[in-house]
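Structure assessment
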Amino acid sequence: MVAVAATRAPFIALLCWLACATAAADASTGTWSGSVEGRGNYFWERSTRVLLPALRAQLVAPNDLRIGAHYAVDIISSASISQTGGARDAVFTEQRHAGGLLVGKAFSWDAAELDLAAHVTYSSENDYDSWLYGLRGSFSWNEKNSTLFAGVSRLDDTVLSN
């Protein structure tokens, strides 16, 4: 558990830095902008509970370069004989951690804009690891009333034995 927490520490530090940098932006000059978003999702039914807290932050520089980060954890608790392997129902809890980064830049000309970005997300659970990464771009014209969007992503999953 200590090793897992240590590997997440730099990512959580980056989220905190983005939150502080966004809060410290000089609103009077309008040169920096950013956002911080926190969500808490909850699902409940008779035998299953799902809690999903999430945090997302983005910082946009004066030259339209932006960096963003997100982190989420799924906490799933279920009462099931099949999940615990015993003769009785018992509560089984599983967690999935996911975090990612996005870097992008917008280029503007008159009434048109080209926006390019790269992203990576890592997700882990006790029986799998997953990497999602990709590139995306959009071109807007006609005073941003028309937009063409394209993207490509790759997903690499490693399923581990239980």
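Residues numbered from 1 in each chain as written. Predicted model: local features only at pLDDT ≥ 70, side-chain atom pairs only at ≥ 80, totals over all residues. Heavy atoms only, no water.

**Some points on the overall build of the protein**
The test is simple: Helix and strand definitions here come from DSSP, where helices need a minimum of 4 consecutive H or I residues and strands a minimum of 2 consecutive E residues; each element is numbered from the N-terminal end. Only protein chains enter the area calculation, which uses a 1.4 Å probe; residues under 20% of their type maximum are buried, those over 50% are exposed, and those in between are partly exposed. Contact between two residues is taken to exist if any of their heavy atoms lie within 4.5 Å; hydrogens are not considered. Each accessible area is a Shrake-Rupley estimate made with a 1.4 Å probe; only the visible protein chains count as cover when residues are assessed.
A count of helical and extended segments in the protein gives 2 helices and 7 strands. Helices (α) and strands (β) of the protein occur, in sequence order from the N terminus, as α-β-β-β-α-β-β-β-β. Per-residue burial over the protein gives 27% buried out of 162 residues. Summarising the internal contacts of the protein: among those between residues at least 6 apart in sequence, 45% fall at separations of at least 24. With the model as given, the accessible surface of the protein reaches about 10,800 Å², and the carbon-plus-sulfur share is 60%.

**With respect to the side chain of Thr121**
Along the polypeptide, Thr121 turns up in strand β5 (residues 112-125). A relative accessible area of 18% places Thr121 in the buried class. Residue contacts for Thr121: discarding those within four places in its chain leaves His70, Gly99, Gly100, Ser130, Trp131 and Leu132.

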